[in-house]
Amino acid sequence: MAFGLNTVQGQDYALTFEKLETLQKEDPKPVIVFLHAPWCNFCENMKQTSFQDEAIKQLLTKDFHFVSFDGESKEDVTFLGNTFKYKPTGANTGTHELAEQLGGKDGVVSYPTIVFLNKQYEILYQNDGFLSAKQLKKVLRKML
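Anyway, here's the lowdown on the structure attached to this text. Remember, predicted model here, so these are calculated numbers, not experimental data.

This part takes up helix α1 (residues 17–26). Residues that lie three or four places apart on an α-helix share one face, since the helix turns once every 3.6 residues. Every buried residue of α1 is accounted for by Phe 17, Leu 20, Glu 21 and Gln 24. Down the axis of α1, the smallest arc covering the buried residues is 100°, so these residues share one side. Against β1 (14–15), β2 (31–36), β3 (65–70), β4 (77–79) and α4 (97–103) lie the buried residues of α1.

So, in C-alpha cells, the structure goes:
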C-alpha cells in the first residue's frame, strides 16, 4: 500500500510509516520524522542541504529509523493500529492528522518540523524550523 509519503530527494533511506512498524519490530531504534510541506522553501532547503550531508545520512541509516512525511498529504496512513486522514481547512489547504499528532503545537503544525521518537514511539523532542547540517548533526548526536 502506498501512502503518498515523499522521500527527501536522493534519499533511499527514508521509510514509510508502514515500513517503520515492520522494521521497528525487527530492529528497534529511535525514530526521526521530518515533517514538510510542498510549498515550504525552508523544507526544500533542508532536503537539498542538511539531508544531503554524508555524516547525517550515516547517522540516520545507522542509528535511527527515518521517515519523511508531507504534512499535507491527502493519503490515509495506517500507523500503530490507527488510520490518520487529511483534514481540509479551506480551499486546497489542510493538514494531515498524523502531522498534527506528531508535530502539532496548540493545534498548529509548523514546517519544517523534526520529531524525535523513542523506540516505543513516544515523542522525546520536537524542533520546528530550519536546521543546518551542522545544527542537525548536533541534535542527532544528542539524541543517541
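Here the focus is the pairing of strand β11 (residues 123–128). Pairing between strand β10 (residues 113–117) and β11: 5 bridges, direction antiparallel. Within β11, the residue paired with Phe 116 across the bridge is Tyr 125. Taking the residues between adjacent antiparallel strands as the criterion, β10 and β11 are bridged by 5 residues, where Tyr 121 takes a positive phi near 70°.

Remark on secondary structure: sheet strands pair via backbone hydrogen bonds, oriented parallel or antiparallel. One open sheet accounts for 5 strands, arranged β1-β3-β2-β10-β11; its pairing is mixed. Sheet topology places β1 and β11 at the edges, where each strand pairs with a single neighbour. In the sheet, β1 pairs with β3 via 2 bridges, with the strands oriented parallel. By the bridge assignment for β3, Leu 15 is matched with Val 67. In the packing of helix α2 (residues 41–48) onto the sheet, contacts are made with β2 and β10, and the angle to β2 comes to roughly 135°.

Turning next to the pairing of β10. The buried fraction of β10 is high, at 5 of 5 residues. Burial along β10 is two-sided: Thr 113, Val 115 and Leu 117 facing one way and Ile 114 and Phe 116 facing the other are all buried. As defined by bridge partners, β2 adjoins β10 across 5 bridges and the pair is classed as antiparallel. If you follow Ile 32 over to β10, its bridge partner there is Phe 116.

Calculation criteria
Residues numbered from 1 in each chain as written. Predicted model: local features only at pLDDT ≥ 70, side-chain atom pairs only at ≥ 80, totals over all residues. Heavy atoms only, no water. Buried < 20%, exposed > 50% of the residue type's maximum accessible area, 1.4 Å probe, protein only. Helix = DSSP H or I, 4+ residues; strand = E, 2+ residues; numbered from the N terminus. Arc of directions from axis to C-beta. Contact = heavy atoms within 4.5 Å. Pairing = 2+ DSSP bridges. Axes fitted to C-alpha atoms, helices over the stretch in contact; angles between N-to-C directions.

Structural measurements only, silent on function.
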